[in-house]
Amino acid sequence: MIVSWNTTNACNLSCRHCYRDAGARAEEELSTGEGLGLIDEIARAGFKILIFSGGEPLMREDIHTLVEHAAERGLRPVFGTNGTLIDAREAARLKKSGAAAMGISLDSVDPGKHDRFRGVTGAWRQAVDGMTACREAGLPFQVHTTVVDWNYDEIEKITDFAVTAGAAAHHIFFLVPTGRGADIEAESLRSERYERLLERIMAKQGQVNIELKPTCAPQFMRIARQMGVNTRFSRGCLAGMAYCIISPVGNVQPCAYLDISAGNVRERPFSEIWRDNPVFNRLRTMEYGGGCGTCRYRKICGGCRARAMYYHGDYMAEEPWCLYRQSLSVQKHE
């Protein structure tokens, strides 16, 4: 099971798609002591992987203390970072603290395109330098790419770049319109391109020796099965099932893009929120509406619950951009 802790809202970039609308540090972010206690609760709840994310997690002065405690509690501490603050000294310090892997964002092989998307000139160069620092320190890293209409045609090129850079994986995030991402909703992929890109990613998986993982596109599980591609994953959407996030101020949500609070860790232990909250328990029923509810791939896919919420106002509604569901609907009415 995986939990992502948005350790801070502070960030040194201004990404156009940021779900957290990060920038300035949020008031009343969890303190070091509260963070250490939260880590204890995460371990108590049975989670295995703790993602330190943000904002930019490396802007927390106590981040190494938190990572060290997570490792001591038997968790696997990993990061979601823009990579711009990682130099040789920081990479070595992270490894010594117990960080197991770094996820570094790179949205294009073109520095200018990446920098415009991330809102700061030079961000591409700094991210790539961060990858180099990790590689030289022996700290595993993977590349994270947010896919939208303008970089749709270069995803395989980014995969090739990740291989050359020494990455262990390339995870491709499909835009979900939340936070600042709602302002660029028109740039998100629709049904046909959504499906075609998933097919391309699965085909590319057979050509490279690093892991390719579409995220916020749970239909990849169906497509992998249809194409005969082996994957270590057992389900697409994990929100509320084997994954959740914790905000900088302690609010627990099913996923980063599903902005529904299931409780606050300052008011109730995280382990109890995870076990008992009605939002999580409803998600675990898999009693979805529309085509998702009758789909033969319901248990391995699950549809994107955050997109269902954005477009239908109900996180248990059907996934709006699923081409397979749409094709079944057409067959049904022919």
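Residues numbered from 1 in each chain as written. Predicted model: local features only at pLDDT ≥ 70, side-chain atom pairs only at ≥ 80, totals over all residues. Heavy atoms only, no water.

What to know about the pattern of salt bridges
Selection criterion: Definition used for salt bridges: Asp or Glu carboxyl oxygen within 4 Å of a side-chain nitrogen of Lys or Arg. Secondary structure elements are taken from DSSP: a helix is a run of H or I of four residues or more, a strand is a run of E of two residues or more, and numbering for both begins at the N terminus. Three labels apply to residues, based on accessible area from a 1.4 Å probe with only protein chains included: buried if under 20% of the type maximum, exposed if over 50%, partly exposed otherwise in between.
According to the stated counting rule, one finds 20 salt bridges in the structure shown. The salt bridge partner of R118 is D107, with a shortest N-O separation of 2.6 Å. Placement of the pair is R118 in helix α4 (residues 111–118) and D107 in the loop between β4 (101–105) and α4, with a sequence separation of 11 residues. The two residues R118 and D107 agree in class, both being buried. With a closest N to O distance of 2.2 Å, R196 and E192 form a salt bridge. Of this pair, R196 and E192 both sit in helix α7 (residues 191–205), 4 residues apart, which is roughly one turn of the helix. Relative accessible area serves as the criterion here: at 44%, E192 is assigned to the partly exposed category. The network of salt bridges with shared partners includes R268, E272, R275 and D276.

Side note on the sheet that holds strand β6 (residues 169–174)
Let me state the cut-off plainly: Strand pairing requires that DSSP identify at least two bridges connecting the strands.
Read across the sheet, 9 strands follow the order β7-β6-β5-β4-β3-β2-β1-β8-β9 without closing on themselves; strand pairing throughout is mixed. Each having just a single partner strand, β7 (211–215) and β9 (252–253) make up the two edges of the open sheet. In the sheet, β4 pairs with strand β5 (residues 141–147) via 4 bridges, with the strands oriented parallel. Counterpart to S105 in the pairing with β5 is H144.

What to know about the pairing of strand β8 (residues 243–246)
Two faces make up the sheet, and in a regular strand the side chains alternate between them. Going residue by residue along β8, you find Y243 and I245 tucked away on one face and C244 and I246 tucked away on the opposite face as well. Two elements, strand β1 (residues 2–6) and β8, share 4 bridges in a ladder whose sense is parallel. Note on β8: the bridge partner recorded for S4 is I245. One ladder, built from 2 bridges, connects β8 with β9; its direction is antiparallel. Bridging from a neighbouring strand, I246 pairs with V252 of β9. Linking β8 back to β9 in an antiparallel pair, the connection comprises 5 residues, with G250 at a positive phi of about 100°.

A closer look at the packing of aromatic side chains
Here is the rule we go by: Here the aromatic set is Phe, Tyr and Trp, taking the six-membered ring for Trp, and pairing holds for ring centres within 6.5 Å; pairs whose planes are under 30 degrees apart are stacked, those over 60 apart are edge-to-face, and all others are tilted. Any Lys NZ or Arg CZ that is within 6 Å of a ring centre and within 35 degrees of that ring's normal is treated as a charge sitting over the ring.
In total, this model carries 13 aromatic pairs according to the counting rule given. Look at F47 and F270: their rings are 5.5 Å apart centre to centre, the planes differ by 50°, and that puts the pair in the tilted class. Of the two residues, F47 sits in the loop between α1 (32–44) and β2 (49–53) while F270 sits in helix α9 (residues 270–276), which places them 223 residues apart along the sequence. Both residues of the pair, F47 and F270, count as buried. We note R284 situated over the ring of W274; from NZ or CZ to the ring centre the distance is 4.5 Å. Lying over the aromatic face of Y288, R305 brings its terminal NZ or CZ to 4.3 Å of the ring centre.

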